[in-house]
Structures are given as C-alpha cells and as structure tokens.
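Residue-level listing of the chains:
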Amino acid sequence: MKTLQQWFDDYAVSHQNETNIAIHYICVPAIFFSIVGIFMSIPSSFLSDLIKIDNPFIVNWAILPLLFFLIFYLRLSFSMFIKMLIFSILCVIGNYYLGQYLPLLYTSISLFVIAWIGQFYGHKVEGAKPSFLKDLQFLLIGPAWVVKKMFR
C-alpha cells in the first residue's frame, strides 16, 4: 500500500499549474460537500427506526460512505484522519443547515456538476488528465491534498 506522501507525490504530477491548483482549492471541497449533501438527501426514517436515534447529524445516509472514507484516511495517516474527520463533520453540519433553506438534493447536484466543470476546466488549463482516470482512489486523495495544503 502506498504511503500518503506517495499518493500526494503522484497527485501533484497533474497539479502544477497555479490556476488548476486554485480551482482545486474551491472545487474539490465543493464536490466532497455536495456528495455529502446528496447522501443526506436520502430519507433516513428507516435508519432512525432501525437504530432508535433521531438525530439528523448522526442518522443520515452520508455517514455510511463517510465511515469508509475515514477508514481509508486512517490507514494512511492518523493526522489526516483527524483533519478529514473535522472536514466531514463540517460538511454534515453545513448540509443540514443548507437543507433548512434550500432543496438539498437539487442544490447538491447543481454544486456537484458546477464543481466538476471547474475541475475539468482546471485540467484543460493544466494540460493533464485528472489523476482519478489513472486510479479511482485519487478521488479520495484530492480532498486530503487540499486539506493538507490548507493546514500548512
């Protein structure tokens, strides 16, 4: 298994252009946030009935993929796990409150599409294909790469 630094080194190969990097700082967190929102849009009454807890911050369909994502980060680095845990919690909270004012599913899908358009534009400027075309695990490395850059 690759180390986190090896993943970052491979990811950095197609992320050298300053415009592409700036676009990634916006679009990668937006994609992650929108995915959490899409999952949180799925009615969770079944989950609430199943585990007898009615807390929308804990009982929602986004928690399941987030658990798998966080295990991935934990296997790479405890420090990155903590950072991504904090970011994931902020995404859940943010989507909960966003859903109080806007239709969460449609807003999340719109954000997802717009952010991906930005990502592909950034890679056009870069002149390099997105890393995830080489290995889908880069879809999880991208958010960690942005978080690492922001915590520097």
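Residues numbered from 1 in each chain as written. Predicted model: local features only at pLDDT ≥ 70, side-chain atom pairs only at ≥ 80, totals over all residues. Heavy atoms only, no water.

**Q** Pulling in residues and values, what's your account of a nonpolar patch on the surface?
**A** The grouping of Leu 74, Phe 78, Ile 82, Ile 86 and Leu 90 at the surface amounts to a nonpolar patch, some 470 Å² of accessible area in total. Of all the elements, helix H5 (residues 78-101) adds the most residues to the nonpolar patch, at four residues. Topologically, Leu 90 is positioned in helix H5. Judged by relative accessible area, which is 55%, Leu 90 ranks as exposed. (Patch = residues over 30% accessible without salt bridge, like charges linked within 9 Å, V, L, I, M, F, W, Y side chains within 5 Å. Areas by Shrake-Rupley, 256 points an atom, 1.4 Å probe, with all protein chains shown as cover. Salt bridge = Lys/Arg side-chain N within 4 Å of Asp/Glu carboxyl O. Helix = DSSP H or I, 4+ residues; strand = E, 2+ residues; numbered from the N terminus. Buried < 20%, exposed > 50% of the residue type's maximum accessible area, 1.4 Å probe, protein only.)

**Q** Tell me what's going on with the state of the cysteines, and back it up with residues and numbers.
**A** Between two cysteines, a covalent bond joining their sulfur atoms is known as a disulfide. The tally for this structure, following the rule as stated, stands at zero disulfides. Between Cys 27, a cysteine without a disulfide, and Cys 91, which holds the nearest cysteine sulfur, the sulfur-to-sulfur distance is 14 Å. (Disulfide = S-S within 2.5 Å.)

**Q** Give me the lowdown on the layout of surface pockets, citing residues and values where you can.
**A** In this structure, the largest pocket encloses a volume near 330 Å³. Lining the largest pocket are 22 residues, with Trp 116, Phe 138, Leu 139, Leu 140 and Pro 143 sitting closest to its centre. Mapped onto the lining of the largest pocket, the elements with two or more residues apiece are helix H2 (18-40), helix H6 (104-126) and helix H7 (138-150). Here the residues of the lining of the largest pocket sort into 15 nonpolar, seven polar and no charged. (1 Å grid on protein atoms, 1.4 Å probe; cavity = no way out; pocket = protein on both sides within 12 Å on 5 of 7 lines; lining within 4 Å. Points joined across faces, edges and corners; volume = space filled by probe spheres on them. Nonpolar A, V, L, I, M, F, W, Y, C, P; charged D, E, K, R; others polar.)

**Q** Just give me the short version of empty space enclosed by the protein, but keep the residues and values in it.
**A** Left-over empty space is what a probe sized like a water molecule reveals as it rolls over the atoms. Summed over all chains, the structure comprises one cavity of 30 Å³ or more. In this structure, the largest cavity spans a volume of roughly 50 Å³. Of all the elements in the fold, those that place two or more residues in the lining of the largest cavity are H2 and helix H4 (63-76). The element contributing the most residues to the lining of the largest cavity is H2, with four residues.

**Q** Run through the environment of Met 1, naming residues and quoting values.
**A** Note on placement: Met 1 falls in the segment before helix H1 (4-12). Met 1 gets classed as exposed once you look at its relative accessible area, which sits at 64%. The sequence separation of Met 1 and Phe 32 amounts to 31 residues, and the corresponding C-alpha distance is 24 Å.

**Q** Tell me about the environment of Ile 114, residues and numbers included.
**A** Here Ile 114 shows up in helix H6. Take Ile 114: its relative accessible area is 57%, and that puts it in the exposed class. For the pair Ile 114 and Cys 27, spaced 87 residues apart in sequence, the C-alpha separation works out to 8.4 Å.

**Q** Help me get a handle on the packing of aromatic side chains, residues and values and all.
**A** Under the defined criterion, the tally for this structure stands at 13 aromatic pairs. Pairing Phe 72 with Tyr 73 gives two aromatic rings, centres 5.7 Å apart and planes at 75°, and the pair type is edge-to-face. The class for Tyr 73 is buried, based on a relative accessible area of 1%. Following the ring pairs from residue to residue traces out a cluster consisting of Trp 7, Tyr 11, Tyr 25, Phe 138 and Trp 145. Here Lys 2 stacks its cationic end above the ring of Trp 7, 4.3 Å away from the centre of that ring. (Phe/Tyr/Trp six-rings, centres within 6.5 Å; stacked < 30°, edge-to-face > 60°. Lys NZ or Arg CZ within 6 Å of the ring centre and 35° of its normal.)

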